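Structural features, examined
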Amino acid sequence: MIKYLSKAPKRALREKTCIVRVDLNIEDPSEENALRIQAVIPTIKLLLKLNAKIILISHRGRPKGKDTKLSLKPFAPILTKKLKRGIVFIPHFRFPQLKKEIETSSVKIFLLENLRFHKGEEKNDRAFAKNLAYLADVYINEAFAASHRKHASIAAITKYLPSYAGLRLEEETKQLHKAIHKYKKPLTIILGGAKIENKFEVVKYFKNKANYILLGGGVANTFLAEKGHPVGNSLVDRSVNMKPYLHMKQIICPRDWKTQKDEIMDIGKETAEAFVKIIKKSKTIIWGGPVGYIEKEKFAGGSKAIAYAIAKRKDKLLSIAGGGETTDFILKHNLLNRFDLVSTGGGAMLEYLSGKKLPGIEALKK
Ligand code: 3PG
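Heads up: these notes are all about the structure in this document. (Residues numbered from 1 in each chain as written. Predicted model: local features only at pLDDT ≥ 70, side-chain atom pairs only at ≥ 80, totals over all residues. Heavy atoms only, no water.)

1. Digging into empty space enclosed by the protein
On inspection of all chains with the given rule, the structure shows 1 cavity of 30 Å³ or more. Its boundaries defined by the atoms lining it, the largest cavity holds a volume of some 50 Å³. Around the largest cavity, the lining residues are Asp 23, Arg 36, Ala 39, Val 40, Glu 142, Ala 143, Phe 144, Ala 145, Arg 168, Glu 172 and Thr 344. Ranked by residues supplied to the lining of the largest cavity, first place goes to helix α1 (residues 35–49) with 3 residues. Of the residues assigned to the lining of the largest cavity, the class counts are 5 nonpolar, 1 polar and 5 charged. (1 Å grid on protein atoms, 1.4 Å probe; cavity = no way out; pocket = protein on both sides within 12 Å on 5 of 7 lines; lining within 4 Å. Points joined across faces, edges and corners; volume = space filled by probe spheres on them. Helix = DSSP H or I, 4+ residues; strand = E, 2+ residues; numbered from the N terminus. Nonpolar A, V, L, I, M, F, W, Y, C, P; charged D, E, K, R; others polar.)

Below, the structure written as structure tokens:
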């Protein structure tokens, strides 16, 4: 059983110092409304109500050592604005000093520097995890998006503190669990985007569960290329072994396309209509990755058709979407509340939906 923050006794949190792992792996810090920022607010507010001190920790990017471009500093004013509370940013990992700074400050919220500037983080180093734990009384994982990483702030730290799943992480795991174990049929999976390999892991897992698997973007190109369909210079990932999927009857590929020069840029009108028709009869939908090059409005038509078709059926189906591009697209079109879950996770969501156990979630089961 996962230990949820929502079920934790108040006395375990009241006036305690809580170290909260969040995921501020956001490329552009000016994106104040990024889902990953919105996602951490309820847990922080709950802890503030209990007069707890909060230490926010996160990674950002994949730095090799210290890299000021990947600092978490720009997020302190953003979170200050959102929470209407002062936040102190701490740029170092000198732990005894850090502890003193936190203990003696009258401020309630602290944000530590990018954990990946410290070599212990990605090694799941016990000493680093212990040092982080030494700062607080309680650990909360509010970083579903990073929970597939066996890193010190996600996994090892739970050995040293009472540990809970944050409010958002609870919501994400419960909805994803539903999609895997309590889905209603017809179940439709829509996969697109540029990252291809881990998407087929989802196809493998849902092989005997999904009624329809609709492909677009690089995922469709890769599949079609393997079948011998000419795809010109379109995005294809030849490293993925497509053989196990080629004969799956549920897989539906685009029939027409919008192209530019020699590249497929979006699904065509006929395909979009066919996909919408399937969405209309589905009772569960899982969507990961746009079906076109959505950065350009003229190639966003297919993804728009999908997003609005799902949104329209809000009360008639279980709808789950995720991945950075898909999430931004849904936010941009103001459709966030029309989905049951728009996951903060990309890789983490796909791993969960591939039936894998996420180290960060497993560590919260006690
Ligand atoms: C993500 O953006 O998917 C998470 O923050 C994990 O980042 P990573 O792939 O660099 O570990």
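On we go.
2. Overview of the pairing of strand β8 (residues 212–215)
The pairing of strand β7 (residues 187–191) with β8 spans 4 bridges and is parallel. Each bridged residue has a counterpart across the sheet, and for Ile 189 the counterpart in β8 is Ile 213. Once the chain exits β7 it traverses helix α6 (residues 197–205) before rejoining the sheet at β8, and the crossover so formed is right-handed. One ladder, built from 2 bridges, connects β8 with strand β9 (residues 251–252); its direction is parallel. In the strand pairing of β9, Leu 214 is matched with Ile 252. Between the parallel elements β8 and β9, the chain passes through helix α7 (residues 217–226) in a crossover that is right-handed. (Pairing = 2+ DSSP bridges. Right-handed = clockwise from strand over helix to strand, strands pointing away.)

3. Points about the sheet that holds strand β6 (residues 163–165)
Pairing in this open sheet of 6 strands is parallel, and the strands run β3-β4-β2-β1-β5-β6 from one edge to the other. Both edges of this open sheet fall to β3 (87–90) and β6, since each of them pairs with a single strand only. Along the sheet, successive strands turn relative to each other by an average axial angle of 25°, direction set aside. Pairing of strand β1 (residues 17–21) with strand β2 (residues 53–57), which is carried by 5 bridges, proceeds in the parallel orientation. From the neighbouring strand, Ile 19 faces β2, where its bridge partner is Ile 55. (Axes fitted to C-alpha atoms, helices over the stretch in contact; angles between N-to-C directions.)

4. Brief notes about the sheet that holds strand β14 (residues 341–342)
Read from one edge to the other, the open sheet built from 6 strands follows the order β9-β8-β7-β12-β13-β14, with strand pairing classed as parallel. A strand with exactly one partner marks an edge of an open sheet, and here the two such strands are β9 and β14. Relative to β14, strand β13 (residues 318–322) runs parallel, the two being bridged by 2 bridges. Bridge pairing in β14 places Ala 321 opposite Val 342. Strand contacts of helix α9 (residues 301–312): β7, β12 (284–288) and β13, with the helix running at about 145° to β12, the strand carrying the most contacts. (Contact = heavy atoms within 4.5 Å.)

5. Let's talk about the packing of helix α8 (residues 269–281) against α9
Relative orientation of the contacting elements α8 and α9 amounts to 20°, with a least axis distance of 9 Å. The orientation of α8 with respect to α9, classified from their angle, is roughly parallel. Our pair here, α8 against α9, has a crossing hand that is right-handed. On α9, the residues that touch Ala 272, Phe 275, Val 276 and Ile 279 of α8 are Ala 305, Ile 306, Ala 309 and Ile 310. Tallied by class, the residues present in the contact of α8 with α9 amount to 8 nonpolar, no polar and no charged. (Parallel < 35°, antiparallel > 145°, perpendicular 65-115°, else oblique. Left-handed = near helix turned anticlockwise from the far one by under 90°.)

6. Things to note about the site of the ligand
Every residue close to the ligand is listed here: Asp 23, Asn 25, Arg 36, His 59, Arg 62, Arg 116, Ala 145, His 148 and Arg 149. Asn 25 places a side-chain nitrogen or oxygen 3.0 Å from an oxygen atom of the ligand. Within the side chain of Arg 116, a nitrogen or oxygen atom sits 2.7 Å from an oxygen atom of the ligand. Protein chains bury 87% of the 310 Å² of accessible surface belonging to the ligand in isolation. (Near = heavy atom within 4 Å. Polar contact = N/O pair within 3.5 Å; in protein donor to acceptor, adjacent residues only side chain to side chain. Areas by Shrake-Rupley, 256 points an atom, 1.4 Å probe, with all protein chains shown as cover.)

7. Some thoughts on the packing of aromatic side chains
Applying the stated criterion across every chain, the model contains 6 aromatic pairs. Between Phe 93 and Phe 128, the aromatic rings sit 5.8 Å apart at their centres with planes inclined by 80°, giving edge-to-face as the arrangement. Residue Phe 93 is located in the loop between β3 and α3 (95–104), and its partner Phe 128 is located in helix α4 (residues 126–133); the two are separated by 35 residues in the primary sequence. You can call Phe 93 buried: its relative accessible area is 17%. We classify Phe 128 as buried; its relative accessible area is 1%. With a centroid separation of 4.9 Å and an interplanar angle of 40°, the aromatic rings of Phe 200 and Tyr 245 are classed as tilted. With a gap of 45 residues between them, Phe 200 in helix α6 and Tyr 245 in the loop between α7 and β9 connect regions that are remote in the sequence. (Phe/Tyr/Trp six-rings, centres within 6.5 Å; stacked < 30°, edge-to-face > 60°. Buried < 20%, exposed > 50% of the residue type's maximum accessible area, 1.4 Å probe, protein only.)

8. Some remarks on the side chain of Arg 116
For Arg 116, the location among the structural elements is in the loop between β4 (109–112) and α4. Buried Arg 116, no salt bridge; nearest opposite-charge side chain is Glu 122, N-O distance 4.2 Å. Within the structure, Arg 116 has its side chain in polar contact with the backbone oxygen of Gly 61 (distance 2.9 Å). (Lys, Arg positive; Asp, Glu negative; His and termini not counted. Salt bridge = Lys/Arg side-chain N within 4 Å of Asp/Glu carboxyl O.)

That is the geometry; function is a separate question.
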